[in-house]
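# Structure assessment
Residue-level listing of the chains:
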Amino acid sequence: MARKPAAKSPSTSTPDIESILKEKRVLKPPAEFAKKAHIRSFAEHKKISKAAQRNPQAYWARAAKELDWFKSWKKVLDWKPPFAKWFVGGKINISHNCLDRHLEGWRRNKAAILWEGEPGDRRTYTYQELHREVCKFANVLKESGVKKGDRVAVYMPMIPELPIALLACARIGAVHSVVFGGFSADALRDRINDAKAKVLITSDGGWRRGTAVPLKQMADDAMKGTPTITRALVVKRIGEPVHMQEGRDYWWHEAMEDASAVCPPEKLDSEHPLFILYTSGSTGKPKGVLHTTGGYLTHVAHTARLIFDLKDEDTFWCTADIGWVTGHSYVVYGLLANGATSVMYEGAPNHPANDRFWDIIERHRVTILYTAPTAIRTFMKWGDEWPNKHDLSSLRLLGTVGEPINPEAWMWYHRVIGKKRCPIVDTWWQTETGGILITPLPGAVPAKPGSCTLPFPGIDADVVTKDGKSVPPNAGGFLVLKRPWPGMLRTIYGDDARYKQQYWSEIPGMYFAGDGARRDKDGYFWVLGRIDDVMNVAGHRLSTMEIESALVSHPDVAEAAVVGRPDDMKGTAIAAFVTLEGSSKASENLKKVLRDHVAKEIGPIAKPDEIRFTDSLPKTRSGKIMRRLLRDIASGKATVGDTTTLEDYSILARLRESDEV
Ligand code: ATP
Ligand code: MG
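Residues numbered from 1 in each chain as written. Chains lettered and ligands numbered in written order. Predicted model: local features only at pLDDT ≥ 70, side-chain atom pairs only at ≥ 80, totals over all residues. Heavy atoms only, no water.

With that settled, the discussion passes to the overall build of the chain. In terms of helices and strands, the chain carries 20 helices and 30 strands. Its C-alpha atoms give the chain a radius of gyration of 24 Å, within 12% of the compact-globule value 26 Å for 661 residues. A principal-axis box enclosing the C-alpha atoms of the chain has dimensions of 70 × 55 × 50 Å. For the chain, the proportion of its 661 residues judged to be buried stands at 64%. Within the chain, contacts between residues at least 6 apart in sequence are counted, and of these 72% link residues at least 24 apart. Accessible surface, the chain: about 23900 Å² in total, of which carbon and sulfur atoms supply 51%. The positive charge centre, built from 94 side chains, and the negative charge centre, built from 80, are 6 Å apart in the chain. (Helix = DSSP H or I, 4+ residues; strand = E, 2+ residues; numbered from the N terminus. Rg over C-alpha atoms; globule rule 2.2 N^0.38 Å. Buried < 20%, exposed > 50% of the residue type's maximum accessible area, 1.4 Å probe, protein only. Contact = heavy atoms within 4.5 Å. Areas by Shrake-Rupley, 256 points an atom, 1.4 Å probe, with all protein chains shown as cover. Lys, Arg positive; Asp, Glu negative; His and termini not counted. Charge placed at Lys NZ, Arg CZ, Asp CG, Glu CD.)

Before going further, it helps to spend a moment on a negative patch on the surface. Together, E143, E254, E257 and D258 make up a region of like negative charge exposed at the surface. Summarising the element assignment, E143 is placed in helix 5 (residues 127-143). According to the relative accessible area criterion, E143 is exposed, its value standing at 57%. (Patch = residues over 30% accessible without salt bridge, like charges linked within 9 Å, V, L, I, M, F, W, Y side chains within 5 Å. Salt bridge = Lys/Arg side-chain N within 4 Å of Asp/Glu carboxyl O.)

With that settled, the discussion passes to the pattern of salt bridges. Enumeration according to the criterion identifies 50 salt bridges in this entry. Of the charged contacts in the structure, one is a salt bridge between E23 and R25, with a shortest N-O distance of 2.8 Å. R25 matches E23 in its accessibility class, with the two residues each being buried.

Turning next to the domain arrangement of the chain. By domain assignment, the chain separates into domain 1 (94-266) and domain 2 (532-656). For domain 1 versus domain 2, the distance between C-alpha centres works out to 40 Å. (Domains from an automatic or database assignment.)

Let us look at the site of ligand 1. Surveying the vicinity of ligand 1 reveals 21 residues, the closest of which are T279, S282, T283, T431 and K624. P404 is positioned such that a nitrogen or oxygen atom in its backbone is 3.3 Å from a nitrogen atom of ligand 1. Interatomic distance of 2.7 Å between a side-chain N/O atom of D426 and a nitrogen atom of ligand 1. Expressed as a share of its isolated accessible area of 640 Å², the protein-covered part of ligand 1 is 95%. Taken together, the residues of the shell around ligand 1 sort by class into 5 nonpolar, 9 polar and 7 charged. (Near = heavy atom within 4 Å. Polar contact = N/O pair within 3.5 Å; in protein donor to acceptor, adjacent residues only side chain to side chain. Nonpolar A, V, L, I, M, F, W, Y, C, P; charged D, E, K, R; others polar.)

Here the focus is the packing of helix 3 (residues 56-64) against helix 10 (residues 294-307). Working note: a packed helix pair is described by the angle between its axes plus the distance between those axes. Their axes nearest at 9 Å, the elements helix 3 and helix 10 cross at an angle of 85 degrees. The angle between helix 3 and helix 10 places the two elements in the roughly perpendicular class. Counting all contacts with helix 3, which are made through Y59, W60, A63 and A64, the residues of helix 10 involved are T298, H299, H302 and L306. (Axes fitted to C-alpha atoms, helices over the stretch in contact; angles between N-to-C directions. Parallel < 35°, antiparallel > 145°, perpendicular 65-115°, else oblique.)

As a further point, take the sheet that holds strand 8 (residues 199-203). Taken together, the 8 strands give an open sheet; going across it, the order is 12-11-8-6-7-14-15-23, and neighbouring strands pair in mixed fashion. Pairing within the sheet leaves two strands with one partner each, and these edge strands are strand 12 (249-251) and strand 23 (491-492). (Pairing = 2+ DSSP bridges.)

Another point: the packing of aromatic side chains. What the rule picks out here adds up to 31 aromatic pairs. When the centroid spacing of 5.5 Å and the interplanar angle of 55 degrees are considered together, the rings of W79 and W504 count as tilted. A residue pair is termed long-range when its members are at least 10 positions apart, and W79 in strand 1 (residues 75-80) and W504 in helix 16 (residues 496-504) qualify at 425 residues. A residue is classified by how much of its surface remains accessible, and W504, at 12% relative accessible area, is buried. Of the aromatic side chains, those joined through ring pairs into one cluster are W79, F83, W485, Y499, Y503, W504 and Y511. A cation sits over an aromatic face here: K46 above F42, 4.1 Å from the ring centre. When the ring centre of W251 is taken as reference, the NZ or CZ atom of K236 above it lies at 4.6 Å. (Phe/Tyr/Trp six-rings, centres within 6.5 Å; stacked < 30°, edge-to-face > 60°. Lys NZ or Arg CZ within 6 Å of the ring centre and 35° of its normal.)

On to the pairing of strand 5 (residues 122-126), then. In regular strands, side chains alternate between the two faces of the sheet. Note that strand 4 (residues 111-116) and strand 5 share 5 bridges and pair antiparallel. Looking at the pairing, A111 lines up with T126 of strand 5. With antiparallel pairing between neighbouring strands as the criterion, strand 4 and strand 5 make up a hairpin whose turn holds 5 residues, including G120 at a positive phi of roughly 110 degrees.

With respect to the secondary-structure elements, H176 resides in strand 7 (residues 175-178). A distance of 2.7 Å separates the side chain of H176 from the side chain of Y333, its partner in a polar contact. Residues in contact with H176, not counting those within four places in the same chain, are V152, V154, L166, C169, L274, F275, I276, H328 and Y333.

The subject of this paragraph is helix 6 (residues 161-172). Spanning 12 residues, helix 6 covers 17 Å between terminal C-alpha atoms, matching the ideal 16 Å at 1.5 Å per step. Within helix 6, 12 of the 12 residues are buried, leaving the element largely enclosed by the surrounding structure. At the exit of helix 6 stands G173, carrying a positive phi of roughly 85 degrees. (Expected span 1.5 Å × (residues − 1).)

In contact at an axis separation of 10 Å, helix 6 and helix 11 (residues 325-337) are set at 60 degrees when each is read in the N-to-C sense. Comparing the axis directions of helix 6 and helix 11 gives the class oblique. Seen from above, helix 6 lies across helix 11 with right-handed handedness. Together, P163, L166, L167 and A170 of helix 6 and V332, Y333 and L336 of helix 11 make up the contact between the two elements. (Left-handed = near helix turned anticlockwise from the far one by under 90°.)

Bringing the state of the cysteines into the picture now. Simply put, disulfide is the name for a covalent bond between the sulfur atoms of two cysteines. Inspection of the entire model under this criterion finds 0 disulfides. As a non-bridged cysteine, C169 has C263 as the owner of its nearest cysteine sulfur, 11 Å distant. Considering cysteine sulfurs only, C318 is the nearest to C422, which forms no disulfide, with 17 Å between them. Owing to a relative accessible area of 1%, C422 belongs among the buried residues under this scheme. (Disulfide = S-S within 2.5 Å.)

A few words on the nonpolar core. One finds L130, F137, I201, F308 and Y333 to be the most contacted residues of the largest nonpolar core, which totals 123 residues. Per element, the largest residue contribution to this core is 9 residues, and it comes from helix 6. Excluding residues within four positions of it along the chain, F308 makes contact with T303, F316, Y330, I368, Y370, R396, L397, V425 and I436. The next biggest cluster of nonpolar side chains, apart from the first, holds 30 residues, and it includes W317, F379, L398 and Y413. (Core = buried A, V, L, I, M, F, W, Y, C linked by side-chain atoms within 4.5 Å.)

One can expect most non-glycine residues to show negative phi and most peptide bonds to be in trans. Residue P82 is reached from P81 by a cis peptide bond, and omega for that bond is 0 degrees. In this structure, P82 sits in the loop between strand 1 and strand 2 (83-88). Phi angles above zero are rare outside glycine, and K196 is one such case at about 50 degrees. The topology assignment puts K196 in the loop between helix 7 (185-195) and strand 8. Notably, N474 is not glycine yet its phi reads approximately 70 degrees, a positive angle. Tracing the backbone through its elements, the reader meets N474 in the loop between strand 21 (461-464) and strand 22 (476-481).

Of all the positions in helix 12 (residues 356-364), only R356, F357, W358, I360, I361 and H364 are classed as buried. At the C-terminal side of helix 12, R365 shows a positive phi close to 55 degrees.

This is the structure in C-alpha cells:
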C-alpha cells in the first residue's frame, strides 16, 4: 500500500497551533462519476461558491424554493446577533415535505425506508405506506394529549417506528427529543426533565449483538423521576414481558389499531421548533441544542442532494443511529425530503459476523455509504477479508463524519471499500450546525485524504486567531463561522445566556465551534480536533490528531489517542494510548519503534514520551474518543467531570491498571 509521504519540512510556527502533518496526495473526482454528477467540475463549484459568497441569502432562498411552502416568507434572514430567524413569515410542514409531496407522482410506490433488523427480519416502507403510518401515529399523539409545541421524548432502537414517530411529531408541530437507545436510565431522565417532555415513546427492547437491550426497563427507571411524563407509548419489538403501568403505558400497536389515517399537516411557522438534541458529550456535559423548521429543512435537503449527489435511483445508507444528529439529518429529514431511499439497520456491525455491513450493501445494492472514521478504523482492524468476501460494486460514493479521518483510514476506505472508483466526501459539521458545512462536492472538488476540503456554497468558514484575525495558509487556529446559515442551532433549549456564552463569546462576532483547524494554500480545511485537546509541548502548540495519524500510519497500530500530561521539564509530555492490529504483539521494542516512527513521520518534537498499549479506548456512545478522560489517566488523577456519555466504564479501570505495559 502507498505510504503517506513523510513530512520533513519544518513546521509552520504560529501563535495558535502548529500544524506538522503534511499530506500531499490529491485525488481528482473520477471522470465517470463527474460526468453524471449534479455539480460536474471544480470550475462549476467555484462559480456557484463565488455567487453564493456574494449573495448568500439569494443562494439559500433558491434552495428553500425547492421545498413546498404553504405560504412564502417575507424575509430570508432576520439576524440580530447571535439570534437568527430564517424565512421569516413562511409557513411550512416538514412531514408534508418528506411524505405528502411525493404521493402526487410515481414516487408514491418508491421505497422510502429499507429496514433490516439485527436478527435478519426486514421491512420496506413505500412513501405511501410511510405516510399512512405517520398520519395514524400523529393521531395517536394527539389522543395522548400532545399539542403543538409540546415536547416528546423518544428512546428507541433503530426500528421504522423511530422515524415514524419523528415525522408524526413534525406533522403536528410537537418538538421531539431523541435520546440514543444506548444511554442509561439516568441520562434519559435528565434529558426528559431538561426538555420537560410530556410523552415518552419507547419499546420493550432492541437487539444488539444478539442480546435484547431492555429499553422499557430503563425507561421505567427513568420515569420514576420525570414528573412531566403523562404517557408512554411502547413498541413491541422483542416480545419479552415488560411492566406496563396502568393509565400511563400503552402499546403502540394497540393505539394504532383504531387511529384514523387522516391527519392534515399543521401549517407551521418557519421558525417553529422541530427538535431538541443533546450533543455527544465528548468534551463535557451535553447541551440541549434547539433546531427549527424551515431553515433546517432547507439546509439538510439541499446539502443531501448536492453532497451525496442524490439521484432517484440511489440506495443511500447512513449508518449513524437516529439518536445522533447525523441520523436526524441524513437518515430521516434530508433524505426523505429528496424522495430518496434510505437504508436503516438496527444492530451491530459484527453480528452475526464481521461482514454484516458488507452483506447489507451487497444484498440491498447500496450505492452511497455514509459512516464514521471510528467504524472505518474498526473495519481495518478486522481485516480486508471481510469486505473482500462481498460484491461491493453497487457503491458509487462514500462519506465520513464525526471525527477527523486520518489519511491512512481514508486510503483504506478508498481502496478496499470504494475500489478506487468511488469519491469520498469527508463532511465536517456538528449537532449545532444542523447540517454539513465543510465538504467536497463529489463530482467537482479534488479530495486530499484527511481534509474535509472546502466550505459548502453560502458558508463563510475561516481559521482565525483568538482575536478573530485570519491566520496565514498552513497555520493552525480556531475554526469559526462568520455568518449565519439556515441549519444553525437557534439556542440551547431554555438557556439563551449559555448559547451566547458557549458559541458566540470566545471570538468576538463569530460562531466558534470548539475545533481547531488549518487551511492550506489551496484554501482546504484540515480539522485538527478540539481546541481543548491542543498540547503545549516545550513551547510548541501541537494537535493530538496529527500525532495520532502518524501512529496509525504504522502497520501494527489500529487506533491511537494522544493526550498531554504535566511534565516538569517540558511543561507537557506526550502520552499515547495505542491499540494494536489483530496480529501484532505489544512489546518494549514496539514502543521504541512507534516513537521513532512518529519522529520520522512528523518530527522529533512530536515523539511521544510515553506509549501505553490498551485493548480499547474510552469512547462516547457515538464512537468518539474521550481524550479528557485519558488526560486524567495519563496524569494519574481521578476522573473528574461528566462520564455519562462513556460507552464502557470498565475501560477506565483497565486503562488505569495498564499503566506502563
Ligand atoms: P460535545 O460538543 O458535547 O463535546 P461532540 O462535539 O462530540 O460533543 P457532535 O456534535 O456529535 O458532538 O460532534 C461534532 C464534532 O465532531 C465536531 O465539532 C468535530 O470535532 C467532530 N467532527 C465531525 N465531523 C468531522 C469531520 N469530518 N472532520 C473532523 N472532525 C469532525
Ligand atoms: Mg461539540
